[in-house]
Amino acid sequence: MFALRRLATNAIISNTRAAHALPELPYAYEALEPIVSRDIMSLHHTKHHQTYVTNLNAAEEKLKTALSKGDISTVVSLEPALRFNGGGHLNHSIFWKNLSPESTQPSEPLKKAIESSFGGIQQLKDQLSASSIGVQGSGWGWLGYCPKSGCLKIATCANQDPLQATTGLIPLLGIDVWEHAYYLQYKNVRADYVKAIFEVVNWKDVSERFEKAKC
Ligand SMILES: [Fe+2]
């Protein structure tokens, strides 16, 4: 009960924290054309990502109220909404920065790590593509850093499950394979979308995430 009271106190203190907000895209909606259309980027950002942010804030408000009352049943019942909407916010916040209209290359340390873990950049692309295309239903394909082994690994997550909380891997590069990410342009051909998305990967951002993950 003491721990629960402490949680409640922390929750009340954190009431002063600003609600989560939709991050601005680091480029214009049309910047990734022709790989990703303006319509997709606009809808994906202003409707889909915004909905995760709105619903995460609502779930956190309910959590704070439940914690302040010591209402464990409600606290537990909120887990799916926190995972789905918190994951959706986390995943998309990474995804926007993982993409860029600029041509970029992996840093030398990342290139070496890719060679060590996969054999080379093409092998990484092939494996990440195959895993992402193979996600059943909605989800994400990821390149992640494994803090335990120091290796790069590929993983997939269902729905909006966040990579680190689900697998322990630190996310470096995510591919959103929900239909909302490609259907308006690529229809049902997820493979074409996944193949094309590598044309706009921001390897500078992926390299910076790799450097931070190693610390
Ligand atoms: Fe998405």
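Only a predicted model underlies this, so the values are computations on that prediction, with no experimental measurement involved.

All right, on to the sheet that holds strand β3 (residues 170-176) then. The three strands are arranged β2-β1-β3 in an open sheet whose pairing can be described as antiparallel. Every other strand in the sheet has two partners, leaving β2 (152-158) and β3 as the edge strands with one partner each. Across the sheet, the mean angle from the axis of one strand to that of its neighbour is 25 degrees, orientation sign disregarded. Note: strand β1 (residues 139-145) against β3, six bridges, orientation antiparallel. Note on β3: the bridge partner recorded for Y145 is I170. Against the sheet, helix α5 (residues 108-118) makes contact with β1 and β2, and its axis sits at roughly 80 degrees relative to β2, the strand it touches most.

Those protein atoms acting as donors to the iron ion are H44 (NE2), H92 (NE2), D176 (OD) and H180 (NE2), and they sit at 1.9 to 2.1 Å. Seen from the iron ion, its four donor atoms lie at angles of 91 to 135 degrees, and the figure they make is tetrahedral. Counting along the primary sequence, the residues that act as donors to the iron ion give the motif H-x47-H-x83-D-x3-H. Here the residue H44 occupies a position in helix α2 (residues 38-69), and D176 occupies one in strand β3, the gap between them amounting to 132 residues. Here H44 matches D176 in class, with each residue buried.

A word on the UniProt feature "domain: Manganese/iron superoxide dismutase N-terminal" (unreviewed entry) in the protein chain. Under the UniProt annotation, the feature "domain: Manganese/iron superoxide dismutase N-terminal" (unreviewed entry) is placed at residues 20-100. Secondary structure content for residues 20-100 is 72% helix and 0% strand, and the end C-alpha separation is 24 Å.

Taking 1.5 Å of rise per residue, 13 residues should cover 18 Å, and helix α6 (residues 121-133) covers 18 Å from first to last C-alpha, within 8% of that figure. Taken as a whole, α6 has its buried residues at L124, L128, S129 and S132. Buried residues of α6 fall within an arc of 125 degrees about the axis and therefore sit on the same side. On its buried face, α6 is in contact with α5, β1, β2, β3, α9 (190-197) and α10 (203-214).

Empty space left among the atoms is revealed by rolling a probe the size of a water molecule over them. The tally for this structure, following the rule as stated, stands at one cavity of 30 Å³ or more. There is about 30 Å³ of room inside the largest cavity. V36, I40, M41, H44, F95, L99, A181, Y193 and I197 together form the lining of the largest cavity. Classifying every residue of the lining of the largest cavity by side-chain character gives eight nonpolar, one polar and no charged. When residues of the lining of the largest cavity are assigned to domains, at least three fall in each of domain 1 (2-12 + 37-98) and domain 2 (108-214).

Thresholds applied
- Here the residue numbering is sequential within each chain, running from 1 through the sequence in written order.
- Note on the predicted model: pLDDT of at least 70 is required for a residue's local features to be given, and 80 or more for side-chain atom pairs to be given and counted; whole-chain, interface and lining totals, by contrast, use all residues.
- Side-chain measures here rest on the full set of heavy atoms in the structure, leaving out hydrogens and waters.
- Only strands that DSSP links by at least two bridges are regarded as paired with each other.
- A run of H or I in DSSP counts as a helix once it spans at least four residues, and a run of E counts as a strand once it spans at least two, with each numbered from the N terminus.
- Axis angles are defined between N-to-C directions and span 0 to 180 degrees, where every axis is a line fitted to C-alpha atoms and, for a helix, only to the segment in contact.
- A contact between two residues is defined here by any heavy atoms of the two lying within 4.5 Å.
- Sodium, potassium and calcium take a 3.2 Å donor cutoff, other metals 2.8 Å, and in both cases only N, O and S atoms count; water is not among them, so sites may look incomplete.
- Square planar and octahedral sites, with four and six donors, are those where opposite donors lie more than 155 degrees apart and all other angles lie between 65 and 115, tetrahedral sites have four donors with every angle between 85 and 135 degrees, and the rest are irregular.
- Type-normalised accessible area, obtained with a 1.4 Å probe on protein chains alone, sets the label of each residue: buried when under 20%, exposed when over 50%, and partly exposed for intermediate values.
- UniProt positions are given in the numbering used here, feature names are shortened, and annotations may be inferred rather than shown by experiment.
- For a helix, the expected span equals 1.5 Å multiplied by the number of residues minus one.
- Arc definition: it is the arc formed by the directions from the helix axis to the C-beta atoms.
- Grid points spaced at 1 Å and placed over the protein atoms alone form the basis of the search, with a cavity being a set where a 1.4 Å probe fits but cannot get out and a pocket an open set showing protein on both sides within 12 Å along at least five of seven lines. Lining residues have an atom within 4 Å of a point.
- Grid points are joined across faces, edges and corners, and a volume is the space filled by probe spheres set on the points.
- In this classification, Asp, Glu, Lys and Arg are treated as charged, Ala, Val, Leu, Ile, Met, Phe, Trp, Tyr, Cys and Pro as nonpolar, and every other residue, Gly included, as polar.
- Bear in mind that the domain bounds are from an automatic or database domain assignment.

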